[in-house]
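Okay, here's what each chain looks like letter by letter:
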Amino acid sequence: METQRTHLWLPLLLAGLLLACATLQTAVAEPSGQTASILRTAASLDYEKQRYLVYLYTRIGRTDLATALGEMILTKTPSDRDTLIELASVYSIEKKISKLARIVGLLEKYYAGEVPTRYYRANLNSLGGDVASAREILVGIGAKDNTAEGVGMLVETASIHARNQDWPRAVHVYKDLLESGALNPELRGAVRRSLDAIALEHTPFVEPALEYSELESGSTLLATVDAEVPLSARWTLGARLRKEEIDIDTALGLRGDRYQREEALADFGYLAAPGLTLTATLGGNNSGPALGWEIEKKWKYHSLAFLGEWKQHSQEGLLFEALDGRQNRLALRWNGSLFTHYQCTLEPSVRQLVVDGSDLGLSTGLSGGIERVLWRHWITVTASYRGSYYHFDPAEPSPSAADNIYLPPPPVPEPEPVEEEPVVADAAAVVETPVVEEEPAAEEELPVVTVNDEKRLQLLGLITEETQRHGFYLSFQSDLTTLLRWRLSAGSDYILELDSFGHTGTAGISFTPCKTLEFNLDSAYSTSGGGSNTGSTLKQLSLAMKWLF
């Protein structure tokens, strides 16, 4: 128990490090105490320079400075058209309805009937829930004002909706633009690509896959089906089905050599606010009900997610999977961009590993990585580091949890009695020797290993007590044609518990015959499998298809 407490602090300490990293980008972008100083300096500039700074701050993403300085300008010149438009744009993106309503009122007072005025009135109506009147105004702008300004306003409307994750409204505006006939070929292509990107992310899809893995101790055949259907702008429904056939090498001396495990889960996602997504998971598997949740918040440079699982699937090696092992898990996951070029991820976690309702122990640890694109031209080359550390503190599992794999040793046959022939000796040759009575030696008591002890040892042997890996990888990907895309990766891990290196290589190809259908074929080879399969050669082949509706 003392060892368990000693290692529990690690994920908590690393979670604090994770939160510090999550705020690093903001801290670099704006040193503390600079905002007030910048505004004081801007207040002393002339009118034209202040107006230009509002425009500049909006374009570089410093909307806090843009709005503060813009409001300062409006106190002196409330009819400044450019400043009103800039503030209306910012308040539309940030969904600040009361401030947007005040700016729209000023636009209607001084510039009634102009395209920007009608455009931001439509945005205000849309944010207020009056979608029908908003769309009517926007359609009117696209049909009657086929000017550069009118078209630009519609494009900005769609991008605002997309950034606010209001994809149904963004799709409506993009479609209105395409139907208006007011787009030049270059802008039409850009709008078409934006619409396709939204469709790929939010269109209902189904993705069946088949994966075969071979290790030295056996093999697995995994069939999965993933599907997702957007129910509205805020709700999505997903489904995950999996069935796994596990073949264990009969030379391992286990009861049976083939096992099955199934799992079915449903995911309910809700967009609570821009950038904030809540997901609840309900389902079941061979061990009974399974639950889970995820709370994810996205910012400009990073995202943070808190997730939990109860009795869900865990890959800890073939024997653990053969016993339908499950995990109860809490984790904190951070993804972000540091210093523009580096994409990072960090995930501390605590897991309770369970077999047949029996607690095997607690696993605490951390995984993470960092990558950078080295070359992005006709081929994309990416270098990355990946590392992980996990420590397992065993509990006292119930011996009955090993009943499905434990095979008692065969009984040792008793030796058959050997009949000895009597020996006839010459009486004269017999010499009587005195008999010395010796005290019997004390017999050593050997520890008795019971069947339950053997089962417990077999259960605790399912999980490696401590694993630590550090590896570097290079990946390459490029388009062969508009329909075919290939990818390769190679790398080496230093495996601390084995004091040796493991090498991994992957290869894959994607075929996209049309926008709604994609096929993926991937293969992998590793000199050391993950989890408790460490030290065993892994060969893997998978085939997947994604179909968009």
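These lines cover the structure that appears in this document, whether it is placed above or below. (Residues numbered from 1 in each chain as written. Predicted model: local features only at pLDDT ≥ 70, side-chain atom pairs only at ≥ 80, totals over all residues. Heavy atoms only, no water.)

1. Considering the pairing of strand S4 (residues 258-273)
Examined bridge by bridge, strand S3 (residues 235-248) and S4 share 13 bridges and lie antiparallel to one another. In the sheet register, Trp-235 faces S4, and the bridge partner there is Tyr-270. Pairing between S4 and strand S5 (residues 276-285): 10 bridges, direction antiparallel. By the bridge assignment for S5, Phe-268 is matched with Ala-280. The hairpin formed by S4 and S5 contains two residues between the paired strands, and Gly-275 there has a positive phi angle of roughly 85°. (Pairing = 2+ DSSP bridges. Helix = DSSP H or I, 4+ residues; strand = E, 2+ residues; numbered from the N terminus.)

2. Quick notes on helix H3 (residues 47-59)
When the terminal C-alpha atoms of H3 are compared, their 19 Å separation across 13 residues agrees well with the 18 Å that a helix rising 1.5 Å per residue should span. Those residues of H3 that fall on the buried side of the exposure criterion are Gln-50, Leu-53, Val-54, Tyr-57 and Thr-58. The buried residues of H3 occupy an angular sector of 130° when projected down its axis, which confines them to one face. (Expected span 1.5 Å × (residues − 1). Buried < 20%, exposed > 50% of the residue type's maximum accessible area, 1.4 Å probe, protein only. Arc of directions from axis to C-beta.)

3. Focus on the pairing of strand S9 (residues 342-355)
Across 11 bridges, strand S8 (residues 326-338) lies against S9 in antiparallel orientation. Bridge pairing in S9 links Arg-329 to Arg-351. Hairpin connection between S8 and S9: a loop of three residues separates the two successive antiparallel strands, and Phe-339 in this loop has a positive phi of roughly 55°. Summarising the sheet, S9 and strand S10 (residues 358-376) pair through 14 bridges and their orientation is antiparallel. Each bridged residue has a counterpart across the sheet, and for Tyr-342 the counterpart in S10 is Arg-372. Hairpin remark: S9 followed by S10, antiparallel, with two residues in the connecting loop; positive phi at Asp-356, about 55°.

4. Considerations on the nonpolar core
Leu-84, Ala-88, Leu-100, Ile-103, Leu-107 and Tyr-120 are the most contacted members of the largest nonpolar core, which totals 15 residues. For this core, the secondary structure elements donating two or more residues are helix H5 (81-93), helix H6 (97-110) and helix H7 (115-127). Among the nonpolar cores identified, the runner-up in size contains 10 residues, and Ala-170, Leu-177, Leu-178 and Val-191 belong to it. (Core = buried A, V, L, I, M, F, W, Y, C linked by side-chain atoms within 4.5 Å.)

5. Things to note about the packing of H6 against H7
Pairs of packed helices are described in terms of their axes, by the angle between the two and the distance that separates them. Between H6 and H7, the shortest axis-to-axis distance is 10 Å and the interhelical angle comes to 150°. Classed by the angle they form, the pair H6 and H7 counts as roughly antiparallel. Note that H6 runs across H7; the crossing there is left-handed. Here Ile-97, Leu-100, Ala-101, Val-104, Leu-107 and Glu-108 of H6 come into contact with H7, specifically with Thr-117, Tyr-120, Arg-121, Asn-123, Leu-124 and Leu-127. The residue makeup of the contact of H6 with H7, split by class, is eight nonpolar, two polar and two charged. (Axes fitted to C-alpha atoms, helices over the stretch in contact; angles between N-to-C directions. Parallel < 35°, antiparallel > 145°, perpendicular 65-115°, else oblique. Left-handed = near helix turned anticlockwise from the far one by under 90°. Contact = heavy atoms within 4.5 Å. Nonpolar A, V, L, I, M, F, W, Y, C, P; charged D, E, K, R; others polar.)

6. Things to note about the packing of aromatic side chains
The description of an aromatic ring pair rests on the distance of the ring centres and on the angle between the ring planes. Scanning all chains against the criterion turns up seven aromatic pairs. Between the aromatic rings of Tyr-119 and Tyr-120, the centroid separation amounts to 4.5 Å while the plane-to-plane angle is 70°, which identifies the pairing as edge-to-face. For the pair Tyr-119 and Tyr-120, a shared accessibility class is recorded, and that class is buried. Ring geometry for Phe-511 versus Phe-519: centroids 6.5 Å apart, planes at 20°, classification stacked. The positively charged end of Arg-372 is found above the aromatic ring belonging to Tyr-342, 5.3 Å away from the centroid. The ring of Phe-205 has Lys-546 lying over it, and the distance from NZ or CZ to the ring centre is 4.6 Å. (Phe/Tyr/Trp six-rings, centres within 6.5 Å; stacked < 30°, edge-to-face > 60°. Lys NZ or Arg CZ within 6 Å of the ring centre and 35° of its normal.)

7. Let's talk about unusual backbone geometry
Residue Lys-311 is not a glycine yet carries a positive backbone phi of 60°. Inspection of the secondary structure assignment puts Lys-311 in strand S7 (residues 302-313).

8. Some words on the layout of surface pockets
Considered as a void within the structure, the second largest pocket measures approximately 310 Å³ in volume. Along its surface, the second largest pocket is lined by 15 residues, and Asp-196, Leu-200, Lys-515, Thr-516 and Leu-548 are the ones closest to its centre. Looking at the lining of the second largest pocket, the elements that each hand over two or more residues are helix H11 (185-202), strand S14 (500-514), strand S15 (517-526) and strand S16 (538-548). Each residue belonging to the lining of the second largest pocket can be placed in one class, and the counts come to seven nonpolar, three polar and five charged. (1 Å grid on protein atoms, 1.4 Å probe; cavity = no way out; pocket = protein on both sides within 12 Å on 5 of 7 lines; lining within 4 Å. Points joined across faces, edges and corners; volume = space filled by probe spheres on them.)

9. Notes on the environment of Glu-466
In this structure, Glu-466 sits in strand S12 (residues 466-479). Discounting chain neighbours no more than four positions away, the residues touching Glu-466 are Tyr-389, Tyr-390, His-391 and Glu-497. Side chain to side chain, Glu-466 and Tyr-389 meet in a polar contact 2.9 Å long. Polar contacts involving the side chain of Glu-466 include one to the side chain of His-391, which spans 3.2 Å. (Polar contact = N/O pair within 3.5 Å; in protein donor to acceptor, adjacent residues only side chain to side chain.)

10. Quick word on H7
Taking 1.5 Å per residue as the helical rise, H7 with its 13 residues ought to reach 18 Å, and the 18 Å between its terminal C-alpha atoms agrees with that figure. Of all 13 residues in H7, 10 are buried, a share of seventy percent or more. Those residues of H7 not exposed but buried are Val-115, Pro-116, Thr-117, Tyr-119, Tyr-120, Ala-122, Asn-123, Leu-124, Asn-125 and Ser-126.

11. So, the environment of Glu-296
By the element assignment, Glu-296 lies in strand S6 (residues 288-298). What makes Glu-296 buried here is its relative accessible area of 18%. When sequence neighbours within four positions are dropped, the list of residues in contact with Glu-296 reads Gly-275, Leu-276, Thr-277, Ser-303, Leu-304 and Ala-305.

12. Notes on the pattern of salt bridges
What the rule picks out here adds up to 16 salt bridges. The salt bridge partner of Arg-102 is Glu-71, with a shortest N-O separation of 2.6 Å. Of this pair, Arg-102 sits in helix H6 while Glu-71 sits in helix H4 (residues 63-76), and the two are 31 residues apart along the sequence. Judged by its relative accessible area of 39%, Arg-102 is partly exposed. Across the pair Arg-326 and Glu-263 runs a salt bridge whose closest N-O atoms are separated by 2.9 Å. Of this pair, Arg-326 sits in strand S8 while Glu-263 sits in strand S4, and the two are 63 residues apart along the sequence. Note on Arg-326: relative accessible area 3%, which makes it buried. Judged by its relative accessible area of 8%, Glu-263 falls in the buried class. Residues participating in the shared-partner salt-bridge network are Glu-48, Arg-51, Asp-80 and Asp-82. (Salt bridge = Lys/Arg side-chain N within 4 Å of Asp/Glu carboxyl O.)

13. Describing the environment of Leu-488
Residue placement: Leu-488 occurs in strand S13 (residues 484-495). Classification of Leu-488 as partly exposed rests on a relative accessible area of 41%. Residues Leu-488 and Ala-524, spaced 36 residues apart in sequence, show a C-alpha to C-alpha distance of 9.8 Å.

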